[in-house]
Amino acid sequence: MKVAYYPGCATHGFARDIDVATKKVAEVLGLELVEVEDWNCCGGGFLDEKDEVAFVSINLRNLSTVERMGMKKMVTPCSVCLHSARKSEVVYKEDKYLRREVDSRLRGTQVSYKGEATAEHLVWVLLRDVGLERLKAQVKKPLKGLRVGAYYGCQMLRPQKYLGFEEPSRPKSMEQLIAVTGATPVTFSQATSCCGFPLLGSNEYMGLKLAYKVLEGAKHAGADLMAHPCSLCHLQLDMTQEKVRYTFKLQWRLPALYIAQLIGLSFGFSPDELQVPKGVTEVLESKGLA
Amino acid sequence: MEAGGKGVLKMVEQREVKVRVKRFDTEKGNWWAEYKLVVDWYTPMTEVLRRIKVEIDPTLSYRAACHMGVCGSCSMKINGKPRLACKTRAIELLNQTGDEEIVVEPMDYFPTVKDLVVDMSDFYSRMFKVKPRLHPAREVMEGKAEHRLKPEDQRTLWKFGQCIWCGLCVSACPAIEDQDFLGPAAQAKGFRFLADPRDTLTEERAKLLIDSAWRCTYCYQCFEVCPRDIEPVEAVKKTRAMSSLYKGRSEVVRVGVRHSEAVAESIASTGKIMEALVYTKGYGASQAVKDMIFLLASGRGKYLLVKETSVKNIEEVKKIVGGAT
């Protein structure tokens, strides 16, 4: 199966390890990822506040490129990129006044969106197109004895009007994928709470506190690690976790990794090949899994 | 009831349901009570609760008045999601979960008074803080001038004026524990007057609402749970866009504006978010250097050396995004 691949800025930046793991896992599964030609940023979850017309227009630029490349599905590993693209698809279709302004902004460019291409999350494609059976068939090294917190965050789930893959108050996709790897999924009450990343840009202390609550929730539920579906959650829960620990004087750590990294480990790739965060490798070693 | 032709009610399927209600009173504290009753396709959760109270257990307390999604009094958590009981049908819940049990709890965040009844004082004080009525010009009050509103302004304001004060968005909001954050409902209501050309309290509203807007975390809980499709988070975004109206600028506004401008500038000049540059510009060089410690501790320092390429057709992106910077 061939799909367009939209990595997004973080996945090509500080969350580069997500790009590496996603490509490795896709290759094993026979999922051909064709990078969207000359893609641009999705707006990072912020551009719509300054200029909604620009925000929708640059997202349609990517989707129209996907159509020109002869594909209809644009898969992304990042929940914020997903949210931006799908929000743009919906508001462009529903709001005729906004559509008029977007069309006028795009006049004179090569962008022409027919409404055929749509963005999907890597998690959705793994569950809906690849399927649990084909995933299971590739598991060479089941992650037995590893308890993994199933974290969703916000942008892959809410609002249902834009996303619509699963009911936001009772999601189960992450648990399903974690279970496939042989690990034990740990459901915890902060699984769909915000990781606080978007607040780092204005109200840092609260942003760190939200991250602390998520990490603490998974730790309290007995998780050894946490798996998540988003490049920006990755920055918050991995890179910024050190700052959370410092701010709240925590003695413990709850290493987090991207869901494709967890799947990759069960496919037999080494932690180094998947560039998993170093805290994760330590936990795997302590469990005899690395 | 029989199924029939056009205009005849849908064939009524009846099912037994088990309702678990989280009860509370000041003497006993919390406990779970279970009730069994038969519902059909048309039974809303307010009717489920009414029948429990009338037919099974008169000690159960809950609020409900209009039974048609207008009064906003039957807010509660049903199967883990904040909803209006009157707009939630029992059988639909069973179909969603595939089991025969429905779990009913009081809303989060607000203190419980008894069972499903919560104390909404905090919600009302947030709403009153934003002075939720139009403050027109003196000339209009004296009958010397008319109120005029353009259709396009009305379009912007309309949905944010539809709040029924149910409190569901506040109960779901993770940023609400920040005492300087007004919460989703008050942000939407406040924006409805801040952006209304007929209102005269612009300066006062700007100071209050703009500072608060930068304390929202864009989690979309309010958008998801609002029974009136108000999309409060969109009001927050639109309020942030009006930051230039707030001259004094508190710290959150200063930092937030700088960060958002850095994001928009990076996209307009390269087509992408160049993280290191946005970080340095958004937070200032000294903060960026301090945070380098955490970056290196996480082992992510190696990605600093990765150089992402700009969009090749940058002229096209500039044309599209030009207006944003």
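Remember, predicted model here, so these are calculated numbers, not experimental data.

Looking at the packing of helix H6 (residues 122–130) of chain A against helix H8 (residues 173–180) of chain A
Residues and elements named next belong to chain A. Contact geometry for H6 and H8: axes closest at 11 Å, N-to-C directions at 65°. One element, H6, and the other, H8, form an angle in the roughly perpendicular class. The crossing of H6 and H8 is left-handed. Counting all contacts with H6, which are made through Val123, Leu126 and Leu127, the residues of H8 involved are Ser173, Gln176 and Leu177. Across the contact of H6 with H8, the residue classes break down as 4 nonpolar, 2 polar and no charged.

Re the nonpolar core
If you look at the biggest cluster of nonpolar residues, it comprises 191 residues, and the most contacted ones within it are Met74, Val148, Leu225, Met226 and Ala227 of chain A. It is helix H11 (residues 251–270) of chain B that contributes the most residues to this core, 9 residues altogether. Leaving out residues up to four positions away in the same chain, Val148 of chain A has contacts with Ile178, Ala183, Thr184, Pro185, Val186, Ala223, Asp224, Leu225, Met226, Ala227 and Leu262 of chain A.

A word on the domain arrangement of chain A
Residue and element names in this part refer to chain A. The domain architecture assigned to chain A consists of domain 1 (2–122) and domain 2 (140–286). Taking the mean C-alpha position of each, domain 1 and domain 2 sit 24 Å from one another. Taken together, the contact between domain 1 and domain 2 spans 25 residues of the former and 25 residues of the latter. Counting only elements with at least two residues in the side of domain 1 that touches domain 2, the list comes to helix H1 (16–29) and helix H4 (79–94). By residue number, the principal contributor to the side of domain 1 that touches domain 2 is H1, which donates 8 residues. A per-class count over the side of domain 1 that touches domain 2 returns 14 nonpolar, 7 polar and 4 charged.

Here's the deal with the interface of chain B and chain A
Of the residues lining the interface, 51 residues belong to chain B; the matching set on chain A comes to 50 residues. The set of elements that each furnish at least two residues to the side of chain B that touches chain A consists of helix H9 (221–225), helix H10 (232–240), H11, helix H12 (275–283), helix H13 (285–297) and helix H14 (314–321) of chain B. With 8 residues, H11 of chain B is the largest single contributor of residues to the side of chain B that touches chain A. Looking at the side of chain B that touches chain A, its residues break down into 24 nonpolar, 13 polar and 14 charged.

Re helix H12 (residues 259–266) of chain A
All names here are of chain A. H12 sits mainly inside the fold: 8 of its 8 residues count as buried. Of the positions making up H12, those classed as buried are Ile259, Ala260, Gln261, Leu262, Ile263, Gly264, Leu265 and Ser266. Contacts from the buried residues of H12 go to H1, H6, strand E5 (147–150), H8, strand E7 (225–228) and strand E8 (256–258). Directly beyond the C-terminal end of H12, a positive phi value near 105° is found at Gly268.

Some thoughts on the environment of Ala117 of chain A
Residue and element names in this part refer to chain A. For Ala117, the position within the fold is in the loop between helix H5 (96–106) and strand E4 (118–121). Each C-alpha atom of the pair Ala117 and Glu67 lies 5.8 Å from the other, and the pair is 50 residues apart in sequence. Not counting residues up to four positions away in its chain, the partners in contact with Ala117 are Leu63, Val66, Glu67, Met71, Lys72 and Met74.

A few points about the domain arrangement of chain B
The domain architecture assigned to chain B consists of domain 1 (14–117), domain 2 (121–245) and domain 3 (251–324). When each unit is reduced to the centre of its C-alpha atoms, the spacing between domain 1 of chain B and domain 3 of chain B is 48 Å.

Here we look at the sheet that holds E4 of chain A
Residue and element names in this part refer to chain A. Overall, parallel pairing links the 4 strands, which are arranged E2-E1-E3-E4 in an open sheet. The open sheet terminates on both sides in strands that have one partner only, identified here as strand E2 (32–35) and E4. Going across the sheet, the axis of each strand differs from the next one's by a mean of 45°, ignoring polarity. Packing of H6 onto the sheet brings it into contact with strand E1 (2–5), strand E3 (73–76) and E4, and relative to E4 it is tilted by some 85°.

What counts as what
- Residues numbered from 1 in each chain as written.
- Chains lettered and ligands numbered in written order.
- Predicted model: local features only at pLDDT ≥ 70, side-chain atom pairs only at ≥ 80, totals over all residues.
- Axes fitted to C-alpha atoms, helices over the stretch in contact; angles between N-to-C directions.
- Helix = DSSP H or I, 4+ residues; strand = E, 2+ residues; numbered from the N terminus.
- Parallel < 35°, antiparallel > 145°, perpendicular 65-115°, else oblique.
- Left-handed = near helix turned anticlockwise from the far one by under 90°.
- Contact = placed C-beta atoms within 7 Å.
- Nonpolar A, V, L, I, M, F, W, Y, C, P; charged D, E, K, R; others polar.
- Core = buried A, V, L, I, M, F, W, Y, C linked by C-beta atoms within 7 Å.
- Buried ≥ 20, exposed ≤ 12 C-beta atoms within 10 Å, placed from the backbone.
- Domains from an automatic or database assignment.
- Pairing = 2+ DSSP bridges.

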